[in-house]
Amino acid sequence: MSPLEPPVARRVAIVAGTRVPFARSDGPYATASNQEMLTAVLDALVERHGLQEPGAVGEFVAGAVLKHSRDFNLARETVLGSKLDPRTPAYDIQQACGTGLQAVIAAANKIALGQTESAIAGGADTASDAPLGVNDDLRRILLEARRAKSAGGRLKALARIRPTHLVPDIPRNAEPRTGLSMGEHAAVTARAWGVSREAQDELAATSHQRLAAAYERDFFQDLVVPFRGLARDQNLRPDSTAAKLAALKPVFGIKDPGPTMTAGNSTPLTDGAAVVLLASQEWAEARGLPVLAYLTAYETAAVDFVRGDVAQGEDGLLMAPAHAVPRMLERAGLGMDDFDLVEIHEAFASQVLATLAAWEKRGLAPVDRDRLNVAGSSLATGHPFAATGARIVATLARLLAEREGPGRGLISVCAAGGQGVTAILERP
């Protein structure tokens, strides 16, 4: 091959996935760090698939959205504290709620180009152990004191500290450009697309019921490893129904008439971690590891949720997948009817329903609800931001693997900052 010729892309196999049960914030994992949770799932994956020897895995890529300063090298530190070969290179990645899926894509690209034979990708997040920053006014005073050339100068700066400066800078669940929380943004989009309260509650109840059914048939036996006393996702409510959810009061968009979004049809703050093992087909065959599915396409998109067409729903904060998926399907020469399964991250029930409506508006066929999130999704499992993408990839790959014959699945993940990450998995 000439040095100027581009390499031929290889197929990227999804070999396995592991996660801990997701927990509600300030619950069982309240004192578990991102690194501890990520190490737990990495160790479980390594042990289950015999990846302890030197050079077994080419690379580890992972990330977290809520990171302490101590997490600046999270992926690498996780490797060093795990059962994986300490010589395994690792790096961090972050794209808000799309982090886990973007980590999978980053690893897949290197495998496709022949730069590595295998990689592990994923993410972790803890809303319980969220970093608390130093009050910004106090920070400026401390920096001024550090820069002072004399003891007197340092004392002069420090003398300006007041009790109000001791209040920590707590992370805000709000977009810096708008000041609105993700829930408030979603409420605007729900109103723009005319998403009803009844439809949201029905979708949320279905998510719980399907997740419960998946656990009952041991679907997650190879995907979930117990952690800190949990064996199932803590947010799961097997007896959830639309009628029960209808009794909850709205919590987002309540300043406008007819609010529809409640704690029941919105994803709770969650702690957890998840990883996926990817490889070339040759690597998997050499180790005798069955391939669950292949990652065959991916696409990202972003919307202008600050100055764009927000009122009409086109540029709502969580609507980027409505643009990414049609683009990806056109490039792949596929339509919605070509998919056996569809996995949409359920940040909010309203966001899922708005996305489905937007796809139809863009000419895609309606999604058969019997094919949508068939093992439950984020409304039931919870949503540790950076872990969700890896959870969905592993779940969809397992769903495809248990089907008889070929299959194809679509993944759609919305993210803060008006972004979206989407992908296609196939089983020939």
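The rules behind the values
Residues numbered from 1 in each chain as written. Predicted model: local features only at pLDDT ≥ 70, side-chain atom pairs only at ≥ 80, totals over all residues. Heavy atoms only, no water. Helix = DSSP H or I, 4+ residues; strand = E, 2+ residues; numbered from the N terminus. Rg over C-alpha atoms; globule rule 2.2 N^0.38 Å. Buried < 20%, exposed > 50% of the residue type's maximum accessible area, 1.4 Å probe, protein only. Areas by Shrake-Rupley, 256 points an atom, 1.4 Å probe, with all protein chains shown as cover. Lys, Arg positive; Asp, Glu negative; His and termini not counted. Charge placed at Lys NZ, Arg CZ, Asp CG, Glu CD. Phe/Tyr/Trp six-rings, centres within 6.5 Å; stacked < 30°, edge-to-face > 60°. Salt bridge = Lys/Arg side-chain N within 4 Å of Asp/Glu carboxyl O. Pairing = 2+ DSSP bridges. Right-handed = clockwise from strand over helix to strand, strands pointing away. Axes fitted to C-alpha atoms, helices over the stretch in contact; angles between N-to-C directions. Parallel < 35°, antiparallel > 145°, perpendicular 65-115°, else oblique. Contact = heavy atoms within 4.5 Å. Nonpolar A, V, L, I, M, F, W, Y, C, P; charged D, E, K, R; others polar. Core = buried A, V, L, I, M, F, W, Y, C linked by side-chain atoms within 4.5 Å.

> How should I be thinking about the overall build of the chain in this particular structure?
Summing up its helical and strand segments, the chain has 13 helices and 12 strands in all. A globule of 428 residues ought to have a C-alpha radius of gyration of about 22 Å, and the chain, at 22 Å, matches this closely. Structurally, the chain occupies a C-alpha span of about 75 × 60 × 50 Å along its principal axes. Put simply, the chain has 428 residues, and 55% of those count as buried. Accessible surface computed for the chain: about 18,200 Å², of which carbon and sulfur atoms make up 53%. The chain carries 45 positive and 49 negative side-chain charges, and their two centres are separated by 8 Å.

> Just checking my understanding: could you explain the packing of aromatic side chains for this structure?
The geometry of an aromatic ring pair comes down to the distance between the two centres and the angle between the two planes. Across all of its chains, the model carries four aromatic pairs by this definition. With centroids separated by 4.6 Å and ring planes inclined at 40 degrees, the aromatic side chains of Tyr215 and Phe220 adopt a geometry described as tilted. Each member of the pair, Tyr215 together with Phe220, is buried. With centroids separated by 5.9 Å and ring planes inclined at 90 degrees, the aromatic side chains of Phe252 and Phe348 adopt a geometry described as edge-to-face. Taken together, the residues Phe252 in strand S6 (residues 250–252) and Phe348 in the loop between strand S10 (341–344) and helix H11 (349–361) connect sequence positions 96 residues apart. A single burial state applies to Phe252 and to Phe348, both of which are buried.

> Looking at this structure, I do not really get the pattern of salt bridges. What am I missing?
Two side chains that carry opposite charge are able to pair once their charged atoms sit near each other. Scanning all chains against the criterion turns up 26 salt bridges. The residue Asp129 makes a salt bridge to Arg70 at a minimum N-O spacing of 2.6 Å. Remark: Arg70 occurs in the loop between strand S3 (60–63) and helix H2 (74–80) and Asp129 occurs in the loop between strand S5 (118–125) and helix H4 (136–147); sequence separation between them is 59 residues. Of the charged contacts in the structure, one is a salt bridge between Arg331 and Glu299, with a shortest N-O distance of 2.7 Å. Placement of Arg331 in helix H10 (residues 321–332) and of Glu299 in strand S9 (residues 293–302) is noted, with a sequence separation of 32 residues between them. Through salt bridges that share partners, Asp136, Arg139 and Arg140 make up one connected network.

> Help me understand the pairing of S3 in this model?
Consecutive residues of a regular strand have side chains that alternate between opposite faces of the sheet. Of the two faces of S3, the one holding Phe60 and Ala62 and the one holding Val61 and Gly63 are both buried throughout. Where S3 lies against strand S4 (residues 90–92), three bridges are found, and the strand directions are parallel. Paired with Ala62 across the bridge in S4 is Asp92. A crossover links S3 with its parallel partner S4, the connecting element being H2, and its sense is right-handed. Pairing of S3 with S5, which is carried by four bridges, proceeds in the parallel orientation. Pairing of Val61 across the sheet is with Ala121, part of S5.

> What is the right way to read the packing of H4 against helix H5 (residues 151–158) from this model?
Helix-helix packing is characterised by the crossing angle of the two axes and by the distance between the axes. The contact between H4 and H5 brings their axes to 8 Å, and the two run at 170 degrees. Regarding the angle of H4 to H5, the classification is roughly antiparallel. The residues of H5 that touch H4, namely those facing Ile141, Leu142, Glu144 and Ala145, are Arg154, Ala157 and Leu158. Taken together, the residues of the contact of H4 with H5 sort by class into five nonpolar, no polar and two charged.

> Would you mind showing me how to read unusual backbone geometry here?
Note: most peptide bonds trans; most residues except glycine with negative phi. One non-glycine residue, Arg228, adopts positive backbone phi at about 50 degrees. Here Arg228 is to be found in the loop between helix H7 (197–216) and helix H8 (242–245). Of note, Asn373 is a non-glycine position whose phi angle comes to about 45 degrees, a positive value. On the accessibility criterion, Asn373 (3% relative accessible area) is buried.

> Could you clarify how one ought to interpret the nonpolar core in this entry?
Across soluble globular proteins, nonpolar side chains have a tendency to be buried as a group. Counting residues in hydrophobic clusters, the biggest one holds 48 residues, and the most contacted among them are Leu278, Ile411 and Leu425. At nine residues, helix H3 (residues 99–112) tops the list of elements feeding residues into this core. Residues within four places of Leu425 in sequence aside, it is in contact with Ile14, Ala293, Tyr294, Leu295, Val393, Leu396, Ala397, Leu400, Gly407, Arg408, Gly409 and Ile411. In terms of nonpolar packing, the next biggest core, distinct from the first, is built from 39 residues, Leu42, Leu84, Ala90 and Leu230 among them.

None of this, on its own, says anything about what the molecule does.
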